[in-house]
Amino acid sequence: QVQLVESGGGLVQPGGSLRLSCAASGFTFSGYSMSWYRQAPGKERELVAQITRTGGITNYADSVKGRFTISRDNAKSTLYLQMNSLKSEDTAVYYCNFYSSRAYWGQGTQVTVSS
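Quick caveat, the model's predicted, so the values are computed rather than measured.

Conventions and cut-offs
- Residues numbered from 1 in each chain as written.
- Predicted model: local features only at pLDDT ≥ 70, side-chain atom pairs only at ≥ 80, totals over all residues.
- Heavy atoms only, no water.
- Disulfide = S-S within 2.5 Å.
- Helix = DSSP H or I, 4+ residues; strand = E, 2+ residues; numbered from the N terminus.
- Contact = heavy atoms within 4.5 Å.
- Pairing = 2+ DSSP bridges.
- Phe/Tyr/Trp six-rings, centres within 6.5 Å; stacked < 30°, edge-to-face > 60°.
- Buried < 20%, exposed > 50% of the residue type's maximum accessible area, 1.4 Å probe, protein only.

A.B. asks: Is there a simple way to explain the state of the cysteines in this structure?
C.D. replies: Here a disulfide denotes one covalent bond, and it connects the sulfur atoms of two cysteines. According to the stated counting rule, one finds one disulfide in the structure shown. Put simply, C22 and C96 are joined by a disulfide, and their sulfur atoms are 2.0 Å apart. Linking C22 and C96, the disulfide has an S-S dihedral of approximately 50° and is accordingly described as right-handed. Taken together, the residues C22 in strand β3 (residues 18–25) and C96 in strand β9 (residues 92–100) connect sequence positions 74 residues apart.

A.B. asks: Could you clarify how one ought to interpret the environment of Q107 in this entry?
C.D. replies: With respect to the secondary-structure elements, Q107 resides in the loop between β10 (102–105) and β11 (109–113). In this structure, the C-alpha to C-alpha distance between Q107 and S21, residues 86 residues apart in sequence, is 12 Å. Apart from residues lying up to four places away in sequence, Q107 is in contact with L4, V5, E6 and Y95.

A.B. asks: Mind showing me how you'd approach the pairing of strand β5 (residues 46–51) here?
C.D. replies: On any regular strand, side chains alternate: one points to one face of the sheet, the next to the other face. Both strand β4 (residues 34–39) and β5 contribute to a ladder of five bridges, which runs antiparallel. Bridge assignment links S35 to a residue of β5, and that residue is Q50. The hairpin formed by β4 and β5 contains six residues between the paired strands, and G42 there has a positive phi angle of roughly 75°. As paired elements, β5 and strand β6 (residues 58–60) share three bridges and run antiparallel to each other. Paired with I51 across the two strands is T58, which belongs to β6.

A.B. asks: Got a minute to help me understand the packing of aromatic side chains in this structure?
C.D. replies: Aromatic rings considered in pairs are described by the distance between their centres and by the relative angle of their planes. Counted according to the given criterion, the structure contains seven aromatic pairs. Here the aromatic rings of F27 and F98 are separated by 4.0 Å at their centres, their planes lie at 10°, and the arrangement is stacked. With F27 in the loop between β3 and β4 and F98 in strand β9, this pair connects stretches of sequence that are 71 residues apart. By the burial criterion, F27 is buried, and F98 matches it. An angle of 85° between the planes, with centres 6.3 Å apart, marks the rings of Y95 and W105 as edge-to-face. On the criterion of sequence distance, the pair formed by Y95 in strand β9 and W105 in strand β10 is long-range, its members being ten residues apart. Look at W105 and you get partly exposed, because its relative accessible area is 32%.

In structure tokens form, the structure reads like this:
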């Protein structure tokens, strides 16, 4: 069955960096565009970044543009999110996602930016 397993979250100080990973299985990873979403406490889930099947096109939320980089390794069926210059407002649970008739989500990984 389809599985998306996020990892790499944690506690980091403002200005720091983290790299999130999403290990995919149970489907043809290279056949789908992939996305990262996040949900902060008391807020709706929001789109952070998207990447096309080959990685040729990426899109970012304005709030993370220039600080976050989405990438993928189709040989490893893994999606990444490099997060630099982290801010307190980046604190959230981060989820990877794709659509195939319906939305598929991982369990999420917590990112906390705090001094």
